[in-house]
Amino acid sequence: MFNKRFGMIASAAAASALLLTACNGTDAETGAAAPASSPAAGQDSAQQLNFLSGTAQQNKAQPKTGDWANDPGKPAVKPVAKKWVQLSASKAGNLDPVVVNGAGFTLYRFDPDDAKPSKSNCNGACAVTWPPVVVAPGGKIFIDGVKKSDFGVVKRDDGSLQVTVGGWPVYRFSKDLKPGDTNGQGVGGTWFGVTPDGKKAGAPEGGQGGGKAATSVTLSDEKNFGDPSEGLAGSGCKNVGRDNSASSLQASGSLKIWSEENCTGKSKVVNGDVADLNTIGFDNTISSVFFG
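Residues numbered from 1 in each chain as written. Predicted model: local features only at pLDDT ≥ 70, side-chain atom pairs only at ≥ 80, totals over all residues. Heavy atoms only, no water.

### Brief notes about the overall build of the protein
The secondary structure content of the protein amounts to 3 helices and 18 strands. Classification of the 292 residues of the protein by burial places 45% in the buried group. In the protein, the proportion of contacts linking residues at least 24 apart, taken out of those at least 6 apart, comes to 68%. For the protein, the accessible area works out to roughly 14600 Å², and carbon and sulfur atoms hold 51% of it. (Helix = DSSP H or I, 4+ residues; strand = E, 2+ residues; numbered from the N terminus. Buried < 20%, exposed > 50% of the residue type's maximum accessible area, 1.4 Å probe, protein only. Contact = heavy atoms within 4.5 Å. Areas by Shrake-Rupley, 256 points an atom, 1.4 Å probe, with all protein chains shown as cover.)

So this is what it looks like as structure tokens:
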């Protein structure tokens, strides 16, 4: 009887030791420390979230919480984990469709990030200019006009959970000051609004506008394409040779023009020829051009 009782106690002690080892974050087989995260970490986190169909308003979300906590007109300045976020298929500026949050602000993706597996490479100062859309553990994600299967979360370097669309981590832009702004579109040739399936908004063929992307442009100093003129071609962001001189342009497709070098400042997507840039507020204003 004593031997049997002793055996039961020994077995219980062994089981407790294994449980304690697991709680201390070590591998039961090798004794090595268990990894802090794994490729499935984002999937596990997603399982802790609540995906609900419809908008936050339709689901009676509490006022001044979640996406509504950042009032329209106030720029996003840092990532804040929200109890809920809303992801809606919508239209913003020339981007249709594009994903917006519960307050109507455009959401963006970043080319240097990874989608398979999901990984954010925007940290530090980058994450201040481009605040990640982060949700608190156990929070809610309201999905409006989009497929649940296209959305998820990924654990960032700081441990927070960032929302992903089609595997791509998504962000706000601090210079979007009102719902519907798309000031982040094409910035640096790496930032683009995100479609409901994770693609670049406004670029079905890799371009900036709803159509064929231009690969070249002729900028003329005079209206109606008069001389002197300057040609640019290629892909990505190109600075003009003669700053702030163009009064008209010719292009066989869509491109984005910028008021400052390196595709910064004020911007405008154009499709095809513009005989008078003054009509769109860009006369003698172009400093750089972005080709899709």
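### Comments concerning the confidence of the model for the protein
Chain-level pLDDT for the protein is 80 on average; 81% of the residues reach the 70-or-more range. Ignoring residues within four places in sequence, the model shows residues 1–43, a span with pLDDT below 50, making 11 contacts including any to other chains. Predicted confidence for residues 204–210 stays below pLDDT 50, and this span has 24 contacts to residues more than four positions away or in other chains. (pLDDT = per-residue confidence, 0-100.)

### A word on the sheet that holds strand S18 (residues 288–291)
Pairing in this open sheet of 4 strands is antiparallel, and the strands run S14-S18-S16-S17 from one edge to the other. One side of each edge strand has no neighbouring strand; the edge strands of this open sheet are strand S14 (236–239) and strand S17 (264–271). For this sheet, the mean angle separating the axes of adjacent strands, direction not counted, is 25°. (Pairing = 2+ DSSP bridges. Axes fitted to C-alpha atoms, helices over the stretch in contact; angles between N-to-C directions.)

### What to know about the state of the cysteines
This structure, assessed with the given rule, holds 2 disulfides. A sulfur-sulfur distance of 2.0 Å marks the disulfide that ties Cys 122 to Cys 126. The chirality of the disulfide connecting Cys 122 with Cys 126 is left-handed, given an S-S dihedral of about -110°. Using a relative accessible area of 22% as the deciding quantity, one classes Cys 126 as partly exposed. Put simply, Cys 237 and Cys 263 are joined by a disulfide, and their sulfur atoms are 2.2 Å apart. The S-S bond linking Cys 237 to Cys 263 shows a torsion near 110°; that makes this disulfide right-handed. In this pair, Cys 237 is assigned in strand S14 and Cys 263 in the loop between strand S16 (254–260) and S17, connecting sequence segments 26 residues apart. What makes Cys 237 partly exposed here is its relative accessible area of 28%. Taking only the cysteines that form disulfides and numbering them from first to last, the protein has the pattern 1-2, 3-4. (Disulfide = S-S within 2.5 Å.)

### As for the sheet that holds strand S15 (residues 248–250)
If you trace the 3 strands from one edge of the open sheet to the other, you get S13-S12-S15, paired in antiparallel fashion. Here the strands that pair on one side only, and so sit at the sheet edges, are strand S13 (229–233) and S15. Sheet twist, expressed as the mean angle between neighbouring strand axes with direction ignored, is 20°. Sheet topology note: the strand S12 (residues 216–220)/S15 ladder contains 3 bridges and is antiparallel. Residue Ser 220 lies in a different strand from S15, and its bridge partner there is Ser 248.

### A look at the packing of aromatic side chains
According to the stated counting rule, one finds 9 aromatic pairs in the structure shown. Both rings, one in Trp 130 and one in Phe 173, keep their centres 4.1 Å apart while their planes meet at 25°; by these two values the pair is stacked. Taken as a pair, Trp 130 in the loop between helix H3 (126–129) and strand S7 (134–144) and Phe 173 in the loop between strand S10 (168–169) and strand S11 (191–193) lie far apart in primary sequence, 43 residues in all. One exposure class covers both Trp 130 and Phe 173, and it is buried. Judged by centre distance (5.1 Å) and plane angle (85°), the rings of Tyr 171 and Trp 191 are edge-to-face. With Tyr 171 in the loop between S10 and S11 and Trp 191 in strand S11, this pair connects stretches of sequence that are 20 residues apart. One exposure class covers both Tyr 171 and Trp 191, and it is buried. The side chain of Arg 109 reaches across the aromatic face of Trp 168, ending 3.9 Å from its centre. Here the basic side chain of Arg 172 rests over the ring of Phe 105, its NZ or CZ set 3.9 Å away from the ring centre. (Phe/Tyr/Trp six-rings, centres within 6.5 Å; stacked < 30°, edge-to-face > 60°. Lys NZ or Arg CZ within 6 Å of the ring centre and 35° of its normal.)

### Examining the nonpolar core
One finds Leu 87, Leu 107, Val 135, Ile 141, Phe 151, Val 163 and Val 170 to be the most contacted residues of the largest nonpolar core, which totals 18 residues. The contact partners of Val 170, leaving out residues within four places of it in the chain, are Leu 107, Tyr 108, Pro 132, Val 133, Gln 162, Val 163, Val 165 and Val 194. (Core = buried A, V, L, I, M, F, W, Y, C linked by side-chain atoms within 4.5 Å.)

### What about the pattern of salt bridges?
Summed over the entire model, instances satisfying the criterion amount to 7 salt bridges. Across the pair Lys 200 and Asp 111 runs a salt bridge, and its minimum N-O distance is 3.1 Å. Taken together, the positions of Lys 200 in the loop between S11 and S12 and Asp 111 in the loop between strand S4 (108–110) and strand S5 (114–115) put the pair 89 residues apart, joining distant regions of the chain. Residue classification places Lys 200 among the partly exposed positions, given a relative accessible area of 28%. Residue classification places Asp 111 among the partly exposed positions, given a relative accessible area of 26%. Linked by salt bridges that have partners in common, Arg 109, Asp 111 and Lys 200 make up one network. (Salt bridge = Lys/Arg side-chain N within 4 Å of Asp/Glu carboxyl O.)

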